[in-house]
4 protein chains.
Amino acid sequence: SEDDAKLTTGGEFTSIVVVGATGDLSHRKIFPALFSLFVEKHFPKNYAVVGYARSSMTLDQFKEKSCKRLACRAKAGAACESDREDFVKNIHYFSGQYDSLASFQALDNFLAELERGFSPVATHNRLFYFSIPPSVFLATARGIAHAAMARTGWTRVIIEKPFGKDSESSLELSTGLARLFPEEAIYRIDHYLGKEVVQNLMVLRFANLIFEPLWNRQSVASVTITFKEELGVEGRGGYFDEYGIIRDVMQNHLLQIMALIAMEPPVSLDAEDVRDEKVKVLRSCLPIRNDDLVVGQYVGDGTAQRPGYREDATVPKDSITPTYAAAVVRVNNRRWEGVPFFLVCGKAMDARLAEIRIQFQQVPGFLFRDTPGGMNIARNELVIRVQPDEAIFMSVVNKVPGLKTRLESKELDLEYKARFSAADIPDAYERLILDVLHGDKSLFIRSDELEAAWDIFTPALHHLEKHHVRPHPYVWGSRGPAEADALAARHNVRPTGASAARL
Amino acid sequence: SEDDAKLTTGGEFTSIVVVGATGDLSHRKIFPALFSLFVEKHFPKNYAVVGYARSSMTLDQFKEKSCKRLACRAKAGAACESDREDFVKNIHYFSGQYDSLASFQALDNFLAELERGFSPVATHNRLFYFSIPPSVFLATARGIAHAAMARTGWTRVIIEKPFGKDSESSLELSTGLARLFPEEAIYRIDHYLGKEVVQNLMVLRFANLIFEPLWNRQSVASVTITFKEELGVEGRGGYFDEYGIIRDVMQNHLLQIMALIAMEPPVSLDAEDVRDEKVKVLRSCLPIRNDDLVVGQYVGDGTAQRPGYREDATVPKDSITPTYAAAVVRVNNRRWEGVPFFLVCGKAMDARLAEIRIQFQQVPGFLFRDTPGGMNIARNELVIRVQPDEAIFMSVVNKVPGLKTRLESKELDLEYKARFSAADIPDAYERLILDVLHGDKSLFIRSDELEAAWDIFTPALHHLEKHHVRPHPYVWGSRGPAEADALAARHNVRPTGASAARL
Amino acid sequence: SEDDAKLTTGGEFTSIVVVGATGDLSHRKIFPALFSLFVEKHFPKNYAVVGYARSSMTLDQFKEKSCKRLACRAKAGAACESDREDFVKNIHYFSGQYDSLASFQALDNFLAELERGFSPVATHNRLFYFSIPPSVFLATARGIAHAAMARTGWTRVIIEKPFGKDSESSLELSTGLARLFPEEAIYRIDHYLGKEVVQNLMVLRFANLIFEPLWNRQSVASVTITFKEELGVEGRGGYFDEYGIIRDVMQNHLLQIMALIAMEPPVSLDAEDVRDEKVKVLRSCLPIRNDDLVVGQYVGDGTAQRPGYREDATVPKDSITPTYAAAVVRVNNRRWEGVPFFLVCGKAMDARLAEIRIQFQQVPGFLFRDTPGGMNIARNELVIRVQPDEAIFMSVVNKVPGLKTRLESKELDLEYKARFSAADIPDAYERLILDVLHGDKSLFIRSDELEAAWDIFTPALHHLEKHHVRPHPYVWGSRGPAEADALAARHNVRPTGASAARL
Amino acid sequence: SEDDAKLTTGGEFTSIVVVGATGDLSHRKIFPALFSLFVEKHFPKNYAVVGYARSSMTLDQFKEKSCKRLACRAKAGAACESDREDFVKNIHYFSGQYDSLASFQALDNFLAELERGFSPVATHNRLFYFSIPPSVFLATARGIAHAAMARTGWTRVIIEKPFGKDSESSLELSTGLARLFPEEAIYRIDHYLGKEVVQNLMVLRFANLIFEPLWNRQSVASVTITFKEELGVEGRGGYFDEYGIIRDVMQNHLLQIMALIAMEPPVSLDAEDVRDEKVKVLRSCLPIRNDDLVVGQYVGDGTAQRPGYREDATVPKDSITPTYAAAVVRVNNRRWEGVPFFLVCGKAMDARLAEIRIQFQQVPGFLFRDTPGGMNIARNELVIRVQPDEAIFMSVVNKVPGLKTRLESKELDLEYKARFSAADIPDAYERLILDVLHGDKSLFIRSDELEAAWDIFTPALHHLEKHHVRPHPYVWGSRGPAEADALAARHNVRPTGASAARL
């Protein structure tokens, strides 16, 4: 694109400042993604990558730490190594406080010098990636806004969840940011939206004729969006215990994916048009009812390796924070009224799995009632899997070849699995950072979207907290509490066939 | 089933008489199918297989001829050989004329003796398979009806196309047969209906929720049913020249398949209910318009191996018999009005191919107009392939993984290909003969169906013949005459992607 | 039509024999209908109307009795009187037994003489209208079949319900008739099918584009077919007590109307095509479940004029015959699965009413929840009323004009009411007899249809009788037993708005 | 509502300033609407109505002029007269220039005095109604913005078309206003949106289940929106000749109505949600193609009373300004692609008519082909008429009662006609002014909506002007130029039945 051209060949200089650069996310995801864009030639031609953190350390120490995971998706050893050397040359480190204006003034000078070093008259852009705890969000934002804004090019800030803890605190954060930056400068990231299959959702829905006639309450029985981890908190319970699984996963990742599934066709693929539709469908959702929500908390399985949540040293002994939740979201519009959107997420479960499962209704007036296999035949399902591998498949009923009529349901691969190697599929962070560089906001969350998302969950969250609702215990490595199955059954979500094990 | 039980274990004795047993069809298809049913234990326990033909030959000569192609689909050598020996024991040969009552009286005695040999008091069924030219159909039928009917069990006759040459002659044949046998004794075979994928059509349509909302004029742009052979007449032009490709292939095989695609859901899977719906949809078809029909005749490609049709020794030099035809059938009902059913068949063409191609409409209000690959992206298609291999696939548009949005259309295997070995898939004749043994008529053509089928083609056929319409020449090994492409284009049938080469 | 032409101008002579001519139906309905056809010039040009009954009476006595209700729909006094005189001239009376072959031989002679009197060489048709009790049906049929068939033209017999009492007895009657007459000679009348609005059902459904997209389980919540009478048995309980309301009204009139509502579009308007579809949909119906059936029996309201059913002199004191029934029929096909067809009929109720009420679903994602009148607004309904007047109307929600948004639901007249005078609307019997004269069987019940209809009700009827189920009492003049309301509620049939009073 | 309560009973004082108060619109529409709201008790309790214009005149002269048309819709003489006296008491007149800051400062003083007179501490709102030529729009706006804004309450301005002459000039005006007022203070009026039936459109579409399944390209063949006047310019050609019929009527009134017909269901009935959807559908419209536009100009009919457009004294002799236009708008989205929206408007035509005519497709597989009246039967239509009377009707095909099957199509009144008296139906201006008082913007045009609307018409307008396209002549009192019929025919818009005369 034009933008691309300007960034990669033109006379611009872009500083990418990773605030909180010594943290886990930084070296695990952000630096590898930056390097990958560099290797794939999607990176600014003229740039500086600046690590910013509180620790004092030498540049070499910082490079050692932050660059240890740099790898090439599709290039062989030597070529990759050569790229790595080139990339690392332009990495810098700057130590400063998050709540100190003076620190940001110093950073500004540091950046200005780099910019002048390139060219005093070029356009100088600055991108700040917030890889920091929520408690210092606003302070950092203030520092940048008051002392470190780009003088000639754009300034953009990337922030990640948590965006508050409920409608009120989220609004407070949004208002605080809005006083410092215009909305178009703020990129609220949800890295799930950067996944290839999530991207493909738009293509599947809107570039194929065959799905739209099925995409409604007449054909769909339920939509289940699942995110399960095999790991527990394992010594990192501090942050988690404050937020819990609903705020950590459900209210953002799962709801964002749900919005993409449920939204109306946008008027165009422009970022604002897509986001308009996402907001619309979120606003059509009713707040979660208390009886549509099941929360759980894992207990140990008796082994030392898998202790219960409250046995973790970083977790209060009387914690009632949910590590598992299952909720039914009701979309109260013409397309979806009556179709349960069943959101499920949990830690310390039986599998690592993230997927969307659209279960279609049973065929009315089913002709094969009396055919062997007929009555128990699974319903058609369309499954978009994000983890452990990205895949899209559809279950279709066929006749088993042979002289008898016998039915079977098979999950048929629509895409990806076995067709593309890992090398072909960029990491979610790559795509998202690239989009920020290009100013494309399709995959980022707008403030009104955030507000609508919180409105769905805030009453239920307040209810849990006000009434000290105890989560249902479930054993580490299990499918979660049985109450969730009862909730699913009440909403006619059928764990048939392969999904029985997975739900 | 109960029937099955009675036949395979019970006290019945069944004679299977292949009339015209020395012909090509007989040893190529019928005997192998009988043997296969025997191997698979779907055969009557007590039976005789009787070859009937004019030639004088010894039983050994006959066995030599008719059994040379017997093979086991799924059994290894020795086991198969042992089955073969068992099967061959009960083969008999009887020489007689087709138009001689005396011959059939003699056959009756011969059969009666075999039956008595089994048990004088058992039920004795007789199945007659007509593997004979149309000219002796009625004479043979008369012979059987007057002299060789089963005395205690059922008598059934299997007949194959041609069922007349137009509405009038077909009616004459039907009336003639109706005077001799009740409708329920007559099995008009169309072996295409015995193909596995054709069988699966019913399952796909009616056991899946996802196809019905698409199965109509709102979603389908066109349906193309193609049957192409690479071979010409090659010295067997006598019969063919009299009938031509429309009568030989289009009016029966293609139209039968079309009826299964286009029919309404039947009230049940019972044979009569399915046939009722097939008749209904055929009656909804308008007669082919002259300008909706393109006929062709192949000419040589300049080599000695591939002479033109009229250069074949068995073909009149001035023949105007079509070896290729393309026609648009219009189904004038609520579901299909405006959707062209494009039937194409030919000899001496570029490929051996039999398939059904349902082409869906372009996405209205297409959002990806400006996306690379967007405007030329193929429409969704559902393809049911019968030859060279049986397969069902669907083309779906996906995003190519990567940082850019790029669309591609892939044909995705819904079934069969690479999932089942040839051993799993019974030959069409197996299924059909088994159905006759069980008295299941789902896959056979009823007389009113035949009448409706002829009504669609008779006016066009009469037009061709009355006006001595010259077929368009096309070179052996080509895609057929260009005029057919023009016809397709006029009806918005798009040869996109893979189908471009195939159409 | 051609037929019409032949009958009214041609060289044919038609005898119309009313068997049981002294009965109530005969002078109340049959003779007036014959006369009306005569006045409207839809009558055979050459004809004799022959009354046949057991009573000895003079021709004048007979004319006096049978012609007292002759009236002209659209003609003024003198012209009508003149027509009447003409018509009456060709009325004859013949006294005979129903079970005596000799009587029918005598009738044959009598008819032959009339026929010869017209012309010895013309075509002579004979139409027999059975206006007799079921006990003499078969005897009469035998008499006609063996002794009084037309020699040169057609013979047709019209029979009216009851056609048996359950599947078995109905089959027995059908088989008995089939031995005597070919199916095409038998006209099983259901006079409800002759009503104008019932006729119009076909036009509404199939000549308008706008109803078909609504005519299915996606849009329709329920279909209620109601037939209520204000009268009780009033001294004529003999026949009724043997049959009960289910056999008298529900299994025939209501089910026939239901079939027209629920059937698929026929391939053409030909009688057999329409009847094929009716049979199909009846075969898709599941047998009535015992818990889907409520039966009632009226008790007196305390006045002498309105005694209870069992207080009627003609009714056994311990009768458990239902005088009211409400049943849910489930149509188990693609279009209707899950939509209750609620059939209601009763005697001694609060109104005289026959109507079909198609209740549409509530708008999903209803936007007007908070608008005054919004939540309680009635659902859309399409109502086809047969009695007390013929009318079709649709309820539509509109904004009440004014500065506020306020919703109201109005029943809007689609047809008939106030547009046509009674003179325009022929009696059902006129149409049906005319159709018999023309050999048009669209509105008559085929034997397989009858069989399918009985299959729906027989198990429930046998259950009632085997277990001596006591009907729920309801007071003369009431809406029927409250249990029926509970049944309706269980199936989401909503008595909103005007229908609340009517249900 | 709450707002209502505050305005009518509370402590607020509202000044309504009609700028351009001596003009035609003012005394014909604005003052009567204000009075009507006063009578109906929808008016602010404490208010001043201030006329502002350039002319010097006494208050009595002004009252005489502006109040001469005040009438009560639903009140009898004396009561009305008493209301009128009350209302007139609070009318004031203030003379000033439109482009003079000093004038507006003086007005501010005048208003402040009135406000203080009520209460120095109350909330004081000011509403400015721009009833002035476009040339002084911005000057007036500047005057108000700089000198006459409300100090404690809200300030709102109502402006009416023309909003520019094309995309560029409209943008200029929008930008100019945006510098002076926030978007929420600007009410762009399109009085067509205030019509009762237009209001009812939302109710019809979204409060009834039965229309949505029909509201799409599968069912709708075309939508025609017509606005025809019987009058020519009649001496008022100055303004008109500069703008022409496309800018005067089509680009605003017709397009606004089209947007309400074509838009997707909004997420709620809130003003912004409705306007979001209107903008979306306008953005989905392709710019009018030159060959999809027919323009005409009327010529005299030979009488002195009806001179040609260019014979009008106020019109240039060589004017090529269209007085008639017919255009096809293409909505390029999933719902509507392929459905022509045919907009027609003209002066000096055969009738005064404003209506929306949704023409449904022909029934596919039409069964009544051979029925008398079958083939020529009109398609179903839904007609919403705005002028000469407000009405909604649907054409439905019925069987004509009688013994023959004969079809007829009738237009059936769904609403209004004959049900409500004129007294019930408020004038469009009443509703709109009331909405401004309440701050409800549903019926007003947002700036992005305006932009989208201009984008549809600007290329065609520029084409007409750049190439001096001569409009087709048509005679005063005719149906417009024949070329428009050809355009309609090309797009399959059928002038059947009643619409033939009307189109």
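Residues numbered from 1 in each chain as written. Chains lettered and ligands numbered in written order. Predicted model: local features only at pLDDT ≥ 70, side-chain atom pairs only at ≥ 80, totals over all residues. Heavy atoms only, no water.

Undergrad: How should I be thinking about the relation of the copies chain D and chain A in this particular structure?
TA: Relating one copy of the chain to the other takes a rotation about an axis and a shift parallel to that axis. Superposing chain D onto chain A requires a rotation of 180° together with a translation of 0.0 Å along the rotation axis, leaving an RMSD of 0.1 Å. Both copies are brought into coincidence by an operation consistent with a two-fold rotation axis. (Least-squares fit on C-alpha atoms with pLDDT ≥ 70 in both.)

Undergrad: Looking at this structure, I do not really get the interface of chain D and chain A. What am I missing?
TA: Tallying the contact residues gives 15 residues for chain D and 16 residues for chain A. Contact between chain D and chain A buries roughly 1100 Å² in total, counting both sides, with carbon and sulfur atoms accounting for 44%. A per-residue breakdown of the area chain D buries against chain A is headed by V267, K280 and R334 of chain D, which together make up 54% of the total. Linking chain D to chain A there are four salt bridges. Measuring nitrogen to oxygen at the nearest pair gives 2.4 Å for the salt bridge that ties E277 of chain D to K280 of chain A. Where chain D packs against chain A, one counts six residue pairs in polar contact (both at pLDDT 80 or more). (Contact = heavy atoms within 4.5 Å. Buried area = accessible area lost by both parts, 1.4 Å probe. Salt bridge = Lys/Arg side-chain N within 4 Å of Asp/Glu carboxyl O. Polar contact = N/O pair within 3.5 Å; in protein donor to acceptor, adjacent residues only side chain to side chain.)

Undergrad: Would you explain the pairing of strand 11 (residues 353-360) of chain B in this entry?
TA: In summary, the side chains of a regular strand alternate between the two faces of the sheet. Residue and element names in this part refer to chain B. Among the eight residues of strand 11, eight are classified as buried, and the element is accordingly described as predominantly covered. Here strand 11 shows a buried face lined by L353, E355, R357 and Q359 and a second buried face lined by A354, I356, I358 and F360. Here strand 7 (residues 220-228) pairs with strand 11 via eight bridges, running antiparallel. Within strand 11, the residue paired with F227 across the bridge is A354. (Buried < 20%, exposed > 50% of the residue type's maximum accessible area, 1.4 Å probe, protein only. Helix = DSSP H or I, 4+ residues; strand = E, 2+ residues; numbered from the N terminus. Pairing = 2+ DSSP bridges.)

Undergrad: Please clarify how the environment of R479 of chain A should be interpreted in this entry.
TA: Residues and elements named next belong to chain A. Tracing the backbone shows R479 in the loop between strand 15 (472-475) and helix 13 (482-490). The exposure class assigned to R479 is partly exposed, which follows from its relative accessible area of 30%. Residues R479 and K228 lie 251 residues apart in sequence; the distance between their C-alpha atoms is 9.3 Å. Within polar-contact distance, the side chain of R479 engages the side chain of D485 at 3.4 Å.

Undergrad: Looking at this structure, how should I read the sheet that holds strand 5 (residues 155-160) of chain D?
TA: Adjacent strands of a sheet form backbone hydrogen bonds with each other and so pair up, either parallel or antiparallel. All names here are of chain D. The six strands lie next to each other as 3-2-1-4-5-6, forming an open sheet whose pairing is parallel. Each having just a single partner strand, strand 3 (91-95) and strand 6 (186-189) make up the two edges of the open sheet. The average angle at which neighbouring strand axes cross in this sheet is 20°, direction not considered. As paired elements, strand 1 (residues 12-19) and strand 4 (residues 123-130) share eight bridges and run parallel to each other. What sits directly across from I16, in strand 4, is L127. (Axes fitted to C-alpha atoms, helices over the stretch in contact; angles between N-to-C directions.)

Undergrad: How do you make sense of the relation of the copies chain D and chain C when you look at a structure like this?
TA: Least-squares fitting of chain D to chain C yields an RMSD of 0.1 Å, with the superposition described by an axial translation of 0.0 Å and a rotation of 180°. Most of the interface of chain D is mirrored in chain C: 100% of its interface residues are interface residues there too.

Undergrad: Help me understand the state of the cysteines in this model?
TA: The bond known as a disulfide is covalent and runs between the sulfur atoms of two cysteines. Inspection of every chain in the model, using the stated rule, returns four disulfides over all chains. Paired through a disulfide, C72 of chain C and C80 of chain C show a sulfur-sulfur distance of 1.9 Å. Taking the sign of the torsion about the S-S bond as the criterion, the disulfide between C72 of chain C and C80 of chain C, at about 90°, is right-handed. When sorted by exposure, C72 of chain C lands in the same class as C80 of chain C, which is buried. Distance from the sulfur of C345 of chain B, which forms no disulfide, to the nearest cysteine sulfur (C285 of chain B) is 16 Å. (Disulfide = S-S within 2.5 Å.)

Undergrad: Please explain the packing of aromatic side chains as it appears in this structure.
TA: Two aromatic rings, taken as a pair, are described by how far apart their centres are and by the angle between their planes. Residues and elements named next belong to chain A. This structure, assessed with the given rule, holds 105 aromatic pairs over all chains. Aromatic side chains Y47 and F87 sit 6.3 Å apart centroid to centroid with 20° between the ring planes, which places their arrangement in the stacked category. Highlighted residues: Y47 in strand 2 (residues 47-53) and F87 in helix 4 (residues 77-89), separated in sequence by 40 residues. Note on F87: relative accessible area 0%, which makes it buried. Here W336 and F341 contribute two aromatic rings whose centre-to-centre distance is 5.2 Å and whose plane-to-plane angle is 85°, an arrangement assigned as edge-to-face. (Phe/Tyr/Trp six-rings, centres within 6.5 Å; stacked < 30°, edge-to-face > 60°.)

Undergrad: Sorry if this is basic, but what is going on with the nonpolar core here?
TA: If you look at soluble globular proteins, the nonpolar side chains tend to sit buried side by side. Membership of the largest hydrophobic core comes to 329 residues, with the highest contact counts inside it found for F87 of chain C together with F87 of chain D. Not counting the four nearest positions on each side in its chain, F87 of chain C is found in contact with L34, F35, F38, F43, Y47, V49 and L70 of chain C. Ranked by size, the runner-up nonpolar core spans 328 residues in total, among them L173, F368 and L461 of chain A together with Y98 of chain B. (Core = buried A, V, L, I, M, F, W, Y, C linked by side-chain atoms within 4.5 Å.)

Undergrad: I tried to follow helix 12 (residues 447-466) of chain D on my own but got confused; where do I start?
TA: Helical geometry: 3.6 residues make up each α-helical turn, so side chains three or four residues apart lie on a common side. All names here are of chain D. With 20 residues, helix 12 should cover 28 Å at 1.5 Å per step; its first-to-last C-alpha distance of 27 Å lies within 8% of that length. Taken as a whole, helix 12 carries its principal kink of about 40° at F457; the proline P459 stands between one and four residues after it. Regarding helix 12, the residues found buried are E449, L450, A452, A453, W454, I456, F457, T458, A460, L461 and L464. Just beyond helix 12, the residue with positive phi is H468, at close to 45°. (Expected span 1.5 Å × (residues − 1). Bend = angle between axes of the 7 residues up to and from the residue.)

Undergrad: Would you explain the sheet that holds strand 6 (residues 186-189) of chain A in this entry?
TA: All names here are of chain A. Read across the open sheet, the six strands follow the order 3-2-1-4-5-6; overall the sheet is parallel. In this open sheet, the two edge strands, each paired with only one partner strand, are strand 3 (91-95) and strand 6. When strand polarity is set aside, the average angle formed by the axes of neighbouring strands in this sheet is 20°. Summarising the sheet, strand 5 (residues 155-160) and strand 6 pair through four bridges and their orientation is parallel. Bridge pairing in strand 6 links I158 to Y187. In this fold helix 2 (residues 24-39) packs onto strand 1 (12-19), strand 2, strand 3, strand 4 (123-130) and strand 5, with an angle of close to 165° to the strand it touches most, strand 1.

Undergrad: Any chance you could explain the packing of helix 7 (residues 167-180) of chain C against helix 12 (residues 447-466) of chain C here in plain terms?
TA: In a packed pair of helices, the relevant descriptors are the angle between the two axes and the axis-to-axis distance. Residues and elements named next belong to chain C. Direction vectors running N to C along helix 7 and helix 12 enclose 155°, while the axes themselves pass 8 Å from each other. Classified by the angle between their axes, helix 7 and helix 12 sit roughly antiparallel to one another. Facing helix 7, whose interface residues are S167, E168, S170 and S174, helix 12 presents S447, L450, W454, D455, T458 and H462. Among the residues forming the contact of helix 7 with helix 12, the class breakdown is two nonpolar, six polar and two charged. (Parallel < 35°, antiparallel > 145°, perpendicular 65-115°, else oblique. Nonpolar A, V, L, I, M, F, W, Y, C, P; charged D, E, K, R; others polar.)

Undergrad: How do you make sense of the pattern of salt bridges when you look at a structure like this?
TA: Side chains carrying opposite charge are able to pair once their charged atoms draw close together. Counted by the stated rule, this structure contains 129 salt bridges over all chains. A salt bridge links E229 of chain B to K347 of chain B; the shortest N-O distance between them is 3.4 Å. With E229 of chain B in the loop between strand 7 and helix 9 (237-262) and K347 of chain B in the loop between strand 10 (340-346) and strand 11, this pair connects stretches of sequence that are 118 residues apart. A relative accessible area of 24% places E229 of chain B in the partly exposed class. Between D273 of chain C and R283 of chain B there is a salt bridge; the shortest N-O distance is 2.7 Å. One end of the pair, D273 of chain C, is in helix 10 (residues 271-284); the other, R283 of chain B, is in helix 10 (residues 271-284), on a second chain. Classification of D273 of chain C as buried rests on a relative accessible area of 6%. The partly exposed category is assigned to R283 of chain B, whose relative accessible area is 40%. Overlapping salt bridges bring together E272, R275, D276, R446 and D448 of chain A as one network.

Undergrad: Explanation requested: the interface of chain D and chain C in the structure shown.
TA: Much of the literature gives interface size as the accessible area that the parts lose upon coming together. Tallying the contact residues gives 60 residues for chain D and 60 residues for chain C. Summing both partners gives a buried area of about 4800 Å² for chain D against chain C, and 68% of it is carried by carbon and sulfur. When the area that chain D buries against chain C is broken down by residue, the three leading residues are L209, L367 and L403 of chain D, summing to 17%. Joining chain D to chain C, the criterion identifies zero salt bridges. The interface formed by chain D and chain C includes 12 residue pairs in polar contact (both at pLDDT 80 or more). Secondary-structure elements contributing two or more residues to the side of chain D that touches chain C are helix 8 (196-207), strand 13 (391-399), strand 14 (407-415) and helix 11 (428-438) of chain D. Here the element with the most residues in the side of chain D that touches chain C is helix 8 of chain D; it accounts for eight residues. Classifying every residue of the side of chain D that touches chain C by side-chain character gives 35 nonpolar, 13 polar and 12 charged.

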